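# Residue-level structural notes
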Amino acid sequence: GMTANFDAAKSAALAIAPETFGQGHSINIQVIDNRAQTAIGSRGGIYEKSSQIEPANDVADAIRSEAAAGFIRQGFVLAGTEAENVVAIGIEQLDYVVPPGAIATSADITVALKVTARRGAKQQETVYRSTVNRRFPVVPTATQNEIWINEVLTETLQRLFADPQIRALLIE
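Residues numbered from 1 in each chain as written. Predicted model: local features only at pLDDT ≥ 70, side-chain atom pairs only at ≥ 80, totals over all residues. Heavy atoms only, no water.

### What about the overall build of the protein chain?
- When helices and strands are counted, the protein chain shows four helices and seven strands.
- Secondary structure elements of the protein chain, listed N to C terminal, follow the sequence α-β-β-β-α-β-β-β-β-α-α.
- Evaluated residue by residue, the protein chain yields a buried proportion of 41% over its 172 residues.
- Sequence-distant contacts, at least 24 apart, represent 72% of the contacts inside the protein chain between residues at least 6 apart.
- Here the protein chain has roughly 9,400 Å² of accessible surface; of this, 56% comes from carbon and sulfur atoms. (Helix = DSSP H or I, 4+ residues; strand = E, 2+ residues; numbered from the N terminus. Buried < 20%, exposed > 50% of the residue type's maximum accessible area, 1.4 Å probe, protein only. Contact = heavy atoms within 4.5 Å. Areas by Shrake-Rupley, 256 points an atom, 1.4 Å probe, with all protein chains shown as cover.)

Encoded structure:
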């Protein structure tokens with residue numbers, strides 16, 4: 001029978017195919033971390049206190065460089081504050097939540113980015129939120145956690161790049 005399961009990797013690959021609709025329009029990308037604390041969560045289980053997940057790299061920097069790469073692939077040119085377009089990305093939420101219990105077997109990773117795109121007097125604001133549940137047979141390493149968190153961030157940014165309303169605003 002037909003399975004209709006959603007292949008995230010495939011759709012992400014489609015979303016980042018090089019495109020030229022940016023047509024050399026300039027864009028300025030700003031990332032603001034609006035979270036109250038930088039710890040993303042804890043790996044849970046009996047080691048909860050010692051297993052806070054702190055992002056190894058600055059999350060804002062990671063998002064900025066990934067957003068820059070995505071918009072460049074779409075044909076935009078990065079510029080300073082004089083740019084035609086300003087895209088401000090607010091990190092509203094970045095959580096790694098392990099359900100309570102001595103043995104951690106899964107985690108919910110939630111990312112919420114509030115994006116404000118401005119071109120001249122026009123402005124579009126959208127919140128992109130993704131929650132992904134990852135199950136694991138053994139407690140994941142810090143590296144594995146980071147990979148998962150980055151995947152969810154990437155997936156959330158893909159939605160920004162593919163958003164028809166944002167696209168329309170940026171190339172008016």
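### What about the packing of helix α2 (residues 59-73) against helix α3 (residues 142-162)?
- Between α2 and α3, the shortest axis-to-axis distance is 11 Å and the interhelical angle comes to 40°. With respect to their mutual orientation, α2 and α3 come out oblique. Considering how the two elements wind past one another, α2 and α3 form a crossing that is right-handed. When α2 is examined against α3, the residues V59, I63, E66, A67, G70 and F71 are found in contact with a partner set consisting of L153, T154, L157, L160 and F161.
- In terms of residue class, the contact of α2 with α3 is made up of eight nonpolar, two polar and one charged. (Axes fitted to C-alpha atoms, helices over the stretch in contact; angles between N-to-C directions. Parallel < 35°, antiparallel > 145°, perpendicular 65-115°, else oblique. Left-handed = near helix turned anticlockwise from the far one by under 90°. Nonpolar A, V, L, I, M, F, W, Y, C, P; charged D, E, K, R; others polar.)

### Describing unusual backbone geometry
- In the Ramachandran plot, Q23 falls in the positive-phi region, its phi being about 50° despite a non-glycine side chain.
- Tracing the backbone shows Q23 in the loop between α1 (8-15) and β1 (26-33).

### Quick look at the side chain of N28
- In this fold, N28 is placed in strand β1.
- Classification of N28 as buried rests on a relative accessible area of 9%.
- A polar contact is formed between the side chain of N28 and the side chain of Q30, at a distance of 2.8 Å.
- Polar contacts involving the side chain of N28 include one to the main-chain carbonyl oxygen of A79, which spans 3.0 Å. (Polar contact = N/O pair within 3.5 Å; in protein donor to acceptor, adjacent residues only side chain to side chain.)

### A short note on the packing of aromatic side chains
- A complete count under the given rule lists three aromatic pairs for this structure.
- Ring plane angle 85° and centroid distance 5.7 Å describe the contact between F71 and F76, whose orientation is recorded as edge-to-face.
- Linked through ring pairs, F71, F76 and F161 together constitute an aromatic cluster. (Phe/Tyr/Trp six-rings, centres within 6.5 Å; stacked < 30°, edge-to-face > 60°.)

### Side note on the environment of S130
- Summarising the element assignment, S130 is placed in strand β7 (residues 122-135).
- Among the residues examined, S130 registers a relative accessible area of 4% and is labelled buried.
- A sequence separation of 26 residues divides S130 from T156, and the C-alpha atoms of the two residues are 6.1 Å apart.
- Discounting chain neighbours no more than four positions away, the residues touching S130 are I109, T110, V111, V152, E155, T156 and R159.
- At 2.9 Å, the side chain of S130 and the side chain of T156 are in polar contact.

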